[in-house]
2 protein chains.
Amino acid sequence: MGLHRSWVDRANVPDCPFPLNNLPCGVFSTGADAPRCGVAIGDFVLDVAALEAAGLLTLPDGPLLDVPFWNDVMEAGPAVWTYLRDRLTALLAEGSAERKAVDPFLVPAADVTLHMPFLVSEYTDFYAGRHHAFNVGTMFRGPENALPPNWLHIPIGYNGRASSVIVSGTDVRRPWGQVKGPNDDAPRFAPSARFDIELEMGAIVGTPSEGPVTVAEADAMIFGYVLLNDWSARDIQAWEYQPLGPFQAKATATTISPWIVTRAALEPFRTPTPPREVPLLPHLQEPGPMLYDIALEVGLTPEGGRETIIARTNYAEMYYSAAQQLAHHTTSGCPMNVGDLLGSGTISGPEKGSRGSLLELSWGGKEPFPINGGSRSFIQDHDTLTLRGQCKGDGYTIGFGDCVGKVIPALAAPYAR
Amino acid sequence: MGLHRSWVDRANVPDCPFPLNNLPCGVFSTGADAPRCGVAIGDFVLDVAALEAAGLLTLPDGPLLDVPFWNDVMEAGPAVWTYLRDRLTALLAEGSAERKAVDPFLVPAADVTLHMPFLVSEYTDFYAGRHHAFNVGTMFRGPENALPPNWLHIPIGYNGRASSVIVSGTDVRRPWGQVKGPNDDAPRFAPSARFDIELEMGAIVGTPSEGPVTVAEADAMIFGYVLLNDWSARDIQAWEYQPLGPFQAKATATTISPWIVTRAALEPFRTPTPPREVPLLPHLQEPGPMLYDIALEVGLTPEGGRETIIARTNYAEMYYSAAQQLAHHTTSGCPMNVGDLLGSGTISGPEKGSRGSLLELSWGGKEPFPINGGSRSFIQDHDTLTLRGQCKGDGYTIGFGDCVGKVIPALAAPYAR
């Protein structure tokens, strides 16, 4: 399947992240207008809320698009997802008879502000990258005991904090927390000195469930994917995480990219998970390819400096897919809701330059890595971290939009009012 | 401060759980009526939604009470909480001139169905009972290493699953999950054979926050408290919880009692946390008594059998208060929202009969304990577990309403459709 040509010229350029094949879902505003649903095409945002108001889109129980979130569309169900994609494809296709009617609803992308594309119901984060788990396990427990005994049998996950999920472009304030170094007699309360990123993909649940679901059912429940940066304070994490897992170390912020790339747009890029090292129990086995070939990179830009690409990897490195993670999430009968967000876990590849966290890139801070004009072990104040992702099709690209966050200094006195 | 007398006779009986001093907040329906806000008084539920519609309560930006949750009232802020309590106290007080106007809005408690009293935004569970942590730690790591190194310095918490919180009276289906016994070669997928309760209190956040808050500020953010049963599958937990904490073991269900007892009603029962074994860092120190003297008990009733009280303890046994937990929760800058629910952690006392979980009562299943007509290690199908709590004032009682759940058998084939 090649490029679907559009009458929006820029959408036909092979490296444009938003061709007609993509049609990702975002929330935008211009000037003082209220945020509303929009879809990216070429160098424009299509104001689908206005398109719906004008009668060019007819959604059941609408209007569904004049709100600052895509949850209502997700809730409307897969038939509506398909209708919307098919209808927008027809309206924007080269030769469309409706071009003149649609044209006034294109807003230059340069003029819009992007907002959170959906309301996050609950947020779950996983630990499902083989190389990341091995790297981190080796640092803390040695290579012999790197993987916990359960790791090859279940996608290890923990519940995160939905209230901390923010959209790309929002500054991230370095957190305070309780820390205790290995040589300290007692803990102290201090700004995190080992603040880090985690390069992840986020899967968004579009269909609710009650009771256990199969991996195939779980896959069909996913509306789309975003890039996700799970900011992590490693020093806070080291002191707090045993026995019940990360808590405040991961609660400062989680940044997502502004465009939900739908599962439909990703279909041509499906790829299987790597070979199993031990067989999975039947309820977690993949009935088909459930990962996607998404090239990923991380850029680090110091204040006033030049960006260095510090890691390049691929979503296909994951040991477990989002569908497997979601299936595991429901085994206990846990109800899943529209807007639930599942973080893949850090995506690292086998080589040093493919590691998706500074913890791994600097090997626990022991081996600072070079950047343009300096070096880093962990994030410094005013550093900007950017995640990027793309799928390369035949003559076209599926992009996610950058997932950007700048780290600003910790509060000088957190309890001063 | 003694009993506030009401013209609702039953509310003046010393052991009635719902005197004028209490006025807990619930959501009720009768017959086919839509669920709406109600307040318990004596053996009645006061239809405060109807009272507001009749103009006897005037809430800013109202109506706020004709909805099936108390979140809107919480959102309206502490001045509204105080107005509502003062106004209801005046309307229901012995000698009230408005008795005749209010009387038609009393619905016999026997005629109502109770629903979830609020929308749970996010759910966090703690591990903040000294005796519980010591008991569990001893079972798994021996008494020398029972408490993790961080335990006396921070209230250990982890994020739970809000979608699994249910109201008292809802059946709980025994979950399936991946388990692996110490002598098994490989894990298997099976119904939990070690299904358990955790006796807890739940604190409900009524005021949102951004950035770190002090313990005093955190205390003022809490709208009220419920009883909370954190159902736990011990066999699933044992296999999954390292390294990132409990996940599916705790995601089947968490049951809360139907009435939110407000912080205002609990004021006379404030009590300090036990003496510190090591000093806390300043940001976690209590500026005054932050726990409450709430007598708690757990009853177990087999199908067709008689109830046995299997544990009696007190909320005052906790090492950390909800205010301390909430303050810790915000240290990283984690935003807190109206409707966030914080579970205290299991409340066990020092004696065997004061242990708040079957895991502790049966010492990991090794010492089955007697019940009327039998014995138990863990919960059997069709057992009903009931948590109860009360504060004893001078001539009156503050009750929470029972927190009840019956365990029904696991699905025979979880993936059959």
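The following paragraphs examine the structure supplied in this document. Because the structure is predicted, anything quoted here is derived from the model rather than measured. (Residues numbered from 1 in each chain as written. Chains lettered and ligands numbered in written order. Predicted model: local features only at pLDDT ≥ 70, side-chain atom pairs only at ≥ 80, totals over all residues. Heavy atoms only, no water.)

1. So, the sheet that holds strand S3 (residues 44–46) of chain B
Residues and elements named next belong to chain B.
- The strand order across the open sheet built from 5 strands is S4-S3-S2-S1-S5, with neighbouring strands paired in antiparallel fashion. Looking at the sheet topology across the chains shown, the edges are occupied by strand S4 (106–108) and strand S5 (113–115). Pairwise comparison of adjacent strand axes, ignoring direction, gives a mean angle of 50° for this sheet.
- Pairing of strand S2 (residues 36–41) with S3, which is carried by 3 bridges, proceeds in the antiparallel orientation. Across the sheet, the residue bridging to Ile 41 is Phe 44, located in S3. (Pairing = 2+ DSSP bridges. Helix = DSSP H or I, 4+ residues; strand = E, 2+ residues; numbered from the N terminus. Axes fitted to C-alpha atoms, helices over the stretch in contact; angles between N-to-C directions.)

2. Examining the sheet that holds strand S4 (residues 106–108) of chain A
Residues and elements named next belong to chain A.
- One open sheet holds the 5 strands; their spatial order is S4-S3-S2-S1-S5, and the pairing between them is antiparallel. Strands at the two margins of the open sheet, each flanked by one partner only, are S4 and strand S5 (113–115). Taking the axes of each pair of neighbouring strands and ignoring which way they run, one obtains an average angle of 50° across the sheet.
- In the sheet, strand S1 (residues 25–29) pairs with S5 via 3 bridges, with the strands oriented antiparallel. Bridging from a neighbouring strand, Val 27 pairs with His 115 of S5.

3. Some words on the relation of the copies chain A and chain B
- With an RMSD of 0.0 Å, the operation that places chain A on chain B is a rotation of 180° combined with a shift of 0.0 Å along the axis. Read as a symmetry element, the transformation amounts to a two-fold axis. Residues of chain A ranked by C-alpha distance from the rotation axis are headed by Gly 245 of chain A, positioned 2.2 Å from it. (Least-squares fit on C-alpha atoms with pLDDT ≥ 70 in both.)

4. Some remarks on the pairing of strand S10 (residues 176–179) of chain A
Residue and element names in this part refer to chain A.
- Neither face of S10 is open: one carries Trp 176 and Gln 178, the other Gly 177 and Val 179, and all of them are buried.
- Pairing between S10 and strand S11 (residues 188–191): 4 bridges, direction antiparallel. Across the sheet, Gln 178 pairs through a bridge with Phe 189, a residue of S11. (Buried < 20%, exposed > 50% of the residue type's maximum accessible area, 1.4 Å probe, protein only.)

5. Thoughts on the packing of aromatic side chains
- As enumerated under the stated definition, the model contains 24 aromatic pairs over all chains in all.
- Each ring, one from Trp 151 of chain B and one from Tyr 319 of chain B, has its centre 5.4 Å from the other, and the planes form 50°; the classification is tilted. Of this pair, Trp 151 of chain B sits in the loop between helix H5 (130–141) and strand S7 (157–159) while Tyr 319 of chain B sits in the loop between strand S21 (308–314) and helix H9 (322–329); the two residues are 168 residues apart in sequence, bridging distant segments of the chain. For the pair formed by Trp 151 of chain B and Tyr 319 of chain B, the shared burial category is buried.
- For the ring pair Phe 269 of chain B and Tyr 396 of chain B, a centre distance of 6.1 Å and an interplane angle of 65° mean the geometry is edge-to-face. Pair noted here: Phe 269 of chain B is in the loop between helix H8 (263–266) and strand S18 (270–271) and Tyr 396 of chain B is in the loop between strand S25 (384–392) and strand S26 (397–399), with a separation of 127 residues, a long-range link.
- The exposure class assigned to Phe 269 of chain B is buried, which follows from its relative accessible area of 7%.
- Taking relative accessible area as the criterion, Tyr 396 of chain B reaches 2% and is therefore assigned buried.
- Three or more aromatic residues joined by ring pairs form one cluster here, namely Trp 151, Tyr 319 and Tyr 320 of chain A. (Phe/Tyr/Trp six-rings, centres within 6.5 Å; stacked < 30°, edge-to-face > 60°.)

6. Considering the interface of chain A and chain B
- Contacts between the two partners involve 57 residues from chain A, matched on the other side by 57 residues from chain B.
- In total, about 5,300 Å² of surface goes out of reach between chain A and chain B, with carbon and sulfur atoms giving 59% of it.
- If you sort the residues of chain A by the area they bury against chain B, Arg 161, Leu 244 and Phe 247 of chain A come out on top, with a joint share of 16%.
- Linking chain A with chain B are 4 salt bridges, by the criterion used here.
- Looking at the side of chain A that touches chain B, the elements with two or more residues in it are strand S6 (123–126), strand S7 (157–159), S10, S11, helix H7 (234–240) and helix H9 (322–329) of chain A.
- Considering every element that reaches the side of chain A that touches chain B, the biggest residue donor is S7 of chain A, with 3 residues. (Contact = heavy atoms within 4.5 Å. Buried area = accessible area lost by both parts, 1.4 Å probe. Salt bridge = Lys/Arg side-chain N within 4 Å of Asp/Glu carboxyl O.)

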